[in-house]
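# Summary of the model geometry
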Amino acid sequence: MIKLVNILKEIIFKTPIGQGSEHIIYPYSKDPNKIIKTSSQSVNKNQITIFQKHPDIFPIVYKITDKYAVLEKLDVNQAITELEKLEVEFFNLKWHSDKKRKYSILLDDLMENNDDNYDFIGLLYYLLQNNPSSLKSELNTLYSLTQNPELLKKWIDFLLQIVSIFGKKDLDIHAEQFGYASEGQIKLLDI
């Protein structure tokens, strides 16, 4: 009971540091490398189970109850900065390219995105998820056109890990859903 009271104090007197459609994120004062994820309903235990099965892809779960989970804190700013850098590259490539030249199916789809439901990383995930057969040559073309091929490859490799776990399941993938663990690996904050 004392632990629950301590957690309630943590979230009642703190300003949230993040929020999703079903949860609110608070800092955890006892450890700056952890956060508290609360829910007005109950914590999505299916989601937390997936987190626990794949700690290399999702935040480490330290504790779970019906109302909150204590999770590894991730650096979302670094992830957003990297994704914005890649998106700007592709936007510039789009406007500086010969409009008649078609680079590749994947790149053309990225460059011609007019769907407000997807940001750059969300569309890239969707394309990787739905075009696995022609991927290898497409990705080589994509890497050759960017100024940051290592950065792009790191993100594509991570997205392919997610695809290998979830297949064609519709996930809420956008730039704000990613963060870096203290050890430097990319992780997905939510599904």
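For clarity, every value in this text was computed on a predicted model and none was experimentally measured.

This paragraph deals with the pattern of salt bridges. Counting across every chain of the model gives six salt bridges. Its salt-bridge partner being D190, residue K37 comes within 3.5 Å of it at the nearest N-O pair. Here K37 is found in strand β3 (residues 34-38), whereas its partner D190 is found in the segment after β7 (186-188), with 153 residues between them in sequence. Side by side, K37 and D190 carry an identical accessibility label, which is buried. When the shortest N-O distance is used, the salt bridge between D66 and K45 registers 2.9 Å.

Let us now look at the nonpolar core. Counting residues in hydrophobic clusters, the biggest one holds 38 residues, and the most contacted among them are I121, L124, W155, I162 and F178. Looking at this core, the elements that each hand over two or more residues are α2 (45-53), β5 (68-72), α3 (76-96), α5 (120-130), α6 (135-145), α7 (149-166), β6 (178-180) and β7. Of the residues forming this core, the biggest block, nine residues, is contributed by α7. Listed in part, the five residues of the second largest apolar core include Y26, Y28, I36 and Y68.

This part takes up α2. Taken residue by residue, α2 has Q47, I48 and F51 as its buried positions. Summarising the axial view, the buried residues of α2 lie within an arc of 95°, below the 170-degree limit, and thus occupy one face. In α2, the exposed residues that point more than 90 degrees away from the buried face are N46 and K53.

For the rest of this paragraph, the subject is α5. One turn of an α-helix holds 3.6 residues; hence residues three or four places apart share an orientation. Extensive coverage of α5 is indicated by the burial of nine of its eleven residues. Within the span of α5, buried status applies to F120, I121, G122, L123, L124, Y125, L127, L128 and Q129.

The rules behind each value
The residue numbers shown here count from 1 along each chain, following its written sequence. Reporting of local features is limited, given that this is a predicted model, to residues whose pLDDT is at least 70; pairs of side-chain atoms are given and counted only at 80 or more, and all residues count toward the totals for whole chains, interfaces and linings. Note that water and hydrogens are dropped before the side-chain values are worked out from all heavy atoms of the structure. Each reported salt bridge corresponds to a side-chain nitrogen of Lys or Arg within 4 Å of a carboxyl oxygen of Asp or Glu. Secondary structure follows DSSP: runs of H or I at least 4 residues long count as helices, runs of E at least 2 residues long count as strands, and numbering of each begins at the N terminus. Burial classes follow relative accessibility: with a 1.4 Å probe on protein chains only, a residue under 20% of its type's maximum area counts as buried, one over 50% as exposed, and anything between as partly exposed. In this text, buried Ala, Val, Leu, Ile, Met, Phe, Trp, Tyr and Cys residues form a nonpolar core when linked through side-chain atoms within 4.5 Å. The arc refers to the directions leading from the helix axis to the C-beta atoms.

Any functional reading would require information beyond the geometric quantities listed.
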